[in-house]
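Understanding the architecture of this molecule
Okay, here's what each chain looks like letter by letter:
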Amino acid sequence: MSVEPYGADEESAAVLRTVGRVIKMCRERAGMTQAGLATAIRYSEEQVSSVERGRRAPAEEFLEAADRVLEAGGLISGLKKEVEKARFPKKVRDLAKLEAEAVEICAYDNSVVNGLLQTEEYLRAVFGSRRPAFSEDEVDQLVTARLTRQEIIGGPHPGSAFSFVHDEAALRRPVGGKMVLRRQLERLLEVGQMRNVDIQVLPLDSEDNSGLDGPFHLLRLKDGATVGHSDIQLVSRLTSDRREIQILELRYGIIRAQALTPRKSLAYIEKLLGET
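1. Regarding the packing of aromatic side chains
The geometry of an aromatic ring pair comes down to the distance between the two centres and the angle between the two planes. This structure, assessed with the given rule, holds five aromatic pairs. Considering the side-chain rings of Tyr108 and Phe216, the 6.3 Å spacing of their centres and the 45 degrees angle between planes classify their relative orientation as tilted. In this pair, Tyr108 is assigned in strand β1 (residues 102–109) and Phe216 in strand β4 (residues 216–221), connecting sequence segments 108 residues apart. For Phe216, a relative accessible area of 4% translates into the label buried. Ring plane angle 80 degrees and centroid distance 6.2 Å describe the contact between Phe216 and Tyr252, whose orientation is recorded as edge-to-face. Of this pair, Phe216 sits in strand β4 while Tyr252 sits in helix α12 (residues 242–258), placing them 36 residues apart in sequence. You'll find Phe216 and Tyr252 in the same group, each marked buried. Each member of the aromatic cluster is reached from another via a ring pair, and the members are Tyr108, Phe216 and Tyr252.

2. Brief notes about the packing of helix α2 (residues 34–41) against helix α4 (residues 60–69)
Interhelical geometry of α2 versus α4 gives an angle of 110 degrees and a closest axis separation of 10 Å. Considering the angle they form, α2 stands roughly perpendicular to α4. Pair α2 / α4 crosses with right-handed handedness. Residues Leu37, Ala40 and Ile41 of α2 form the contact with α4, whose own contacting residues are Phe62, Ala65, Ala66 and Val69. The residue makeup of the contact of α2 with α4, split by class, is seven nonpolar, no polar and no charged.

3. Quick word on the pattern of salt bridges
The final tally for this structure, using the stated rule, is 18 salt bridges. Across the pair Glu64 and Lys80 runs a salt bridge, and its minimum N-O distance is 3.1 Å. With Glu64 in helix α4 and Lys80 in helix α5 (residues 80–86), the pair connects residues that are 16 residues apart, well separated along the chain. Residue classification places Glu64 among the partly exposed positions, given a relative accessible area of 33%. For Arg237, the salt bridge goes to Glu244, with nearest N and O atoms at 3.1 Å.

4. As for the sheet that holds strand β6 (residues 235–239)
Within the open sheet, the six strands sit side by side as β3-β2-β1-β4-β5-β6. Their pairing is mixed. Every other strand in the sheet has two partners, leaving β3 (197–202) and β6 as the edge strands with one partner each. With direction set aside, neighbouring strand axes in the sheet form an average angle of 10 degrees. As defined by bridge partners, strand β5 (residues 226–232) adjoins β6 across five bridges and the pair is classed as antiparallel. In the sheet register, Ser230 faces β6, and the bridge partner there is Arg237.

5. Looking at the pairing of strand β2 (residues 161–167)
The buried fraction of β2 amounts to six of the seven residues, a majority that puts the element mostly inside the structure. Strand direction decides the pairing type here: β1 and β2, joined by six bridges, are parallel. Bridging across to β2, Cys106 finds its partner in Ser163. Relative to β3, β2 runs parallel, the two being bridged by six bridges. Paired with Ser163 across the two strands is Asp198, which belongs to β3.

Each value, and the rule that gives it
- Residues numbered from 1 in each chain as written.
- Predicted model: local features only at pLDDT ≥ 70, side-chain atom pairs only at ≥ 80, totals over all residues.
- Heavy atoms only, no water.
- Phe/Tyr/Trp six-rings, centres within 6.5 Å; stacked < 30°, edge-to-face > 60°.
- Helix = DSSP H or I, 4+ residues; strand = E, 2+ residues; numbered from the N terminus.
- Buried < 20%, exposed > 50% of the residue type's maximum accessible area, 1.4 Å probe, protein only.
- Axes fitted to C-alpha atoms, helices over the stretch in contact; angles between N-to-C directions.
- Parallel < 35°, antiparallel > 145°, perpendicular 65-115°, else oblique.
- Left-handed = near helix turned anticlockwise from the far one by under 90°.
- Contact = heavy atoms within 4.5 Å.
- Nonpolar A, V, L, I, M, F, W, Y, C, P; charged D, E, K, R; others polar.
- Salt bridge = Lys/Arg side-chain N within 4 Å of Asp/Glu carboxyl O.
- Pairing = 2+ DSSP bridges.

Here it is as structure tokens:
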């Protein structure tokens, strides 16, 4: 999923500005300069300055060290939850919340492996290929957001069912290089063994493909509602419109029927792995 850096929405930016002001207030109360604080907590002066100006989300270690050095009595370290929520864009937070509430997630992908299944090195390569390019900090933030979302699959108490259909092209594209792709295919084989996960492949030699309009997700929620999500170029869109959901559900059902069965798909992925 293509997303903006964490400071892109005003809600996140406002939280980070408030956190920065609190740190600055505590620092000035302690009679310490930015350079002095940076040295004491082993961060650069530029990082301290960026945090105080609300331009950077401070790491948990930063907050704990600043709280200890400035003797803030938990005032700074107590902001960890607020900073964690503000670290990612609103649309990422909204999607992650919906995914966590879903009892079933269905996804079709035809360009790259689905984000919930990507290995860290694969997704770094995906974000690294973006133009205009993300900065290293932005890539780190996006990677963390994506890995956090993946916890709904491998958690200790998985309560959701997952269905993934990939066009074969997505599984052949050597994003990050052949070794990265090999490890990604191995990850698919591993996840595909989970009882609550179905992974299917739509072969390139199939004459029928009802997903040519692009990737999309369907999230079926606990209250019975279904939400659709599509991410194309500069547009990331959630919809609950009943007519649109009906179309996406019909389309996904046909795509699943056109794809190989989950068992045959895992054998097909093993074949692709042997060819890589």
